[in-house]
Amino acid sequence: MTAQPAQHARTQVGIVGAGPAGLMLSHLLSAAGIGSVVIETRTREDIEATIRAGILEQGTVDLMVSTGVGDRLLDKGSRHDGIEIRFGGGSHRVDFRSSVGRSVYLYPQHEVLRDLIAARLADDGDIRFGASEVSLHGVTGTEPVIHFTDADGRPTDLRCDLIAGCDGAQGTTKWSIPDGRRTDHFRAYRHGWFGILAEAPPSSKELIYAHSDRGFALISSRTPTVQRMYFQCDPEEDADSWSDNRIWDELQSRVAGRGFSLNEGRIFQRSVIPMRSYICDPMQHGRLFLAGDAAHTVPPTGAKGLNLAISDAVVLAQALERFFGTGHADLLEGYGRTAAQRVWRAQHFSWWMTSMLHLAPDAGDFDRHRQLAELDQITGSAAGRTLLAESYTGWPIELTNPRSVVAEALSLTHGRWP
Ligand code: PHB
């Protein structure tokens, strides 16, 4: 193959990664009249077809609705006003509406991405799918560069005012923060989740988080005909060594009680998911700003990953609007601190839900009774339910720049969806 001549391009904000953080950031910047180019290694088809989890906090729904990407969400997503927590053979509902007057939506992440991609392309947005060999240069200077090879094999230099690293947990943009300047706060949990997708009707109107003598299980849903379920397992478990019958027996035994049983069906996807907590500290360096899973990972128990990506994008968009509108870098300088405050809260909530509901490999009788007492207190008192509901439905998104397009959109529609 003959070497192709290098191309040169320029934009205000170069965004690495077309996941929730990168696409939402590009969408919000566009509404504020700020240019961006999104560089993504996967293809559009791959992104839109990879079925991912999706519990959207009320603030995430508000944002999507108020910025014009919420139509399909309101139409196809389902509003959940509570969750069920099962333990000790009984079911205990935490009602979000009566506790905090808020709700969440079940709407898978790949649908959010489809909506954002469609909106960006309708607005003449620039997304380079299928890129490879992406690298960052000069992030501590005033004109950093993203070097990449485009889908047609052409090497490209994209000069930017700033770079947003939104390339997910496996991404490499965070490594542009030198070792001596970066603290990696990391925790691996001693259990993983065995996750399946099954062709079956829903077993419950709301999500079920189950504590049992055999460990944790979660019953979630994707569509009226596809269900998503998980049970706690050894992180080294080999998913392919399990027969379908064994999987169903395990799931059924963990949610059993008062005649309840799960609807079963053909299992068409299975995998073991590791559970980790991670925060890259700081979330910025020079003119590089990390957002979403590129900067942090939470265990899935609290359903916070996607929502944190969106709240990072909101905080960063407000700071960028101030920077490009007034030349003031104060909000940009405070971006990492503001974003990390919410991330640590979400880390705590995800860790707490995990520790309350999962059995540690060496858990004894005392630990089990202590967990049951905690679950009893959380579900049995208004204060306990309120704490859980407030965290699960999400804390208010930080409006650091009240004059920004995004802050105005959010304050207009906050909590008004049906
Ligand atoms: C999911 O639907 O995959 C899901 C829902 C809630 C969680 C985690 C995953 O806490």
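Residues numbered from 1 in each chain as written. Predicted model: local features only at pLDDT ≥ 70, side-chain atom pairs only at ≥ 80, totals over all residues. Heavy atoms only, no water.

Per an unreviewed UniProt entry, the chain goes by 4-hydroxybenzoate 3-monooxygenase and derives from Saccharopolyspora mangrovi.

*Asks:* Just to check I follow, could you spell out the pairing of strand E11 (residues 155-165) for this structure?
*Replies:* Regular strands have side chains that alternate between both faces of the sheet. Burial of E11 is extensive: nine of the eleven residues sit out of reach of the surface. Pairing analysis gives nine bridges linking strand E1 (residues 7-16) to E11, with the strands arranged parallel. Directly across from Ala9, in E11, lies its bridge partner Leu158. The pairing of strand E10 (residues 145-149) with E11 spans five bridges and is antiparallel. Across the sheet, Thr149 pairs through a bridge with Pro155, a residue of E11. In the sheet, E11 pairs with strand E20 (residues 288-290) via three bridges, with the strands oriented parallel. Paired with Ile163 across the strands is Leu288, a residue of E20. (Buried < 20%, exposed > 50% of the residue type's maximum accessible area, 1.4 Å probe, protein only. Helix = DSSP H or I, 4+ residues; strand = E, 2+ residues; numbered from the N terminus. Pairing = 2+ DSSP bridges.)

*Asks:* Help me understand the site of the ligand in this model?
*Replies:* Around the ligand, the structure places 13 residues, and the nearest of them are Tyr209, Ser220, Arg222, Tyr230 and Pro300. Here an oxygen atom of the ligand sits 2.5 Å away from a polar atom, N or O, in the side chain of Tyr230. Pro300 is positioned such that a nitrogen or oxygen atom in its backbone is 2.9 Å from an oxygen atom of the ligand. Sorting the residues of the shell around the ligand by element identifies strand E15 (217-223) and strand E16 (226-233) as the ones contributing at least two each. (Near = heavy atom within 4 Å. Polar contact = N/O pair within 3.5 Å; in protein donor to acceptor, adjacent residues only side chain to side chain.)

*Asks:* What's the story with the UniProt feature "domain: FAD-binding" (unreviewed entry) in the chain in this structure? I'm lost.
*Replies:* As annotated in UniProt, the feature "domain: FAD-binding" (unreviewed entry) corresponds to residues 10-349 in the numbering used here. With 31% helix and 32% strand, residues 10-349 has its two end C-alpha atoms placed 41 Å apart. (UniProt positions renumbered as here; feature names shortened; annotations may be inferred.)

*Asks:* Is there a simple way to think about the packing of helix H9 (residues 330-357) against helix H10 (residues 365-380) in this case?
*Replies:* Think of two packed helices as two axes; the pair is described by the angle between the axes and how far apart they sit. Where H9 contacts H10, the axes come no closer than 8 Å and their chain directions differ by 120°. Between H9 and H10, the interaxial angle falls into the category oblique. Here H9 contributes Trp352, Ser355, Met356 and Leu357 to the contact with H10, which in turn contributes Gln371, Glu374, Leu375 and Ile378. Taken together, the residues of the contact of H9 with H10 sort by class into five nonpolar, two polar and one charged. (Axes fitted to C-alpha atoms, helices over the stretch in contact; angles between N-to-C directions. Parallel < 35°, antiparallel > 145°, perpendicular 65-115°, else oblique. Contact = heavy atoms within 4.5 Å. Nonpolar A, V, L, I, M, F, W, Y, C, P; charged D, E, K, R; others polar.)

*Asks:* Explanation requested: the packing of aromatic side chains in the structure shown.
*Replies:* The relation between two aromatic rings is expressed through the spacing of the ring centres and the mutual angle of the planes. Under the definition given, this model contains twelve aromatic pairs. The interplanar angle of 25° and the centroid separation of 5.4 Å between the aromatic rings of Trp193 and Phe216 together place this pair among those described as stacked. In this pair, Trp193 is assigned in strand E13 (residues 192-199) and Phe216 in the loop between strand E14 (208-210) and E15, connecting sequence segments 23 residues apart. Assessed through its relative accessible area of 0%, Phe216 is described here as buried. Ring geometry for Phe194 against Phe231: centres 4.7 Å apart, planes inclined by 15°, an arrangement best described as stacked. Here the residue Phe194 occupies a position in strand E13, and Phe231 occupies one in strand E16, the gap between them amounting to 37 residues. Across the pair, Phe231 and Phe194 agree in class, each one buried. An aromatic cluster is defined as three or more aromatic residues linked by ring pairs; in this entry it consists of Phe96, Trp193, Tyr209, Phe216, Tyr230, Phe349, Trp352 and Tyr392. Here Arg246 stacks its cationic end above the ring of Trp242, 3.6 Å away from the centre of that ring. Taking the ring centre of Trp395 as reference, the NZ or CZ of Lys304 above it sits at 5.4 Å. (Phe/Tyr/Trp six-rings, centres within 6.5 Å; stacked < 30°, edge-to-face > 60°. Lys NZ or Arg CZ within 6 Å of the ring centre and 35° of its normal.)

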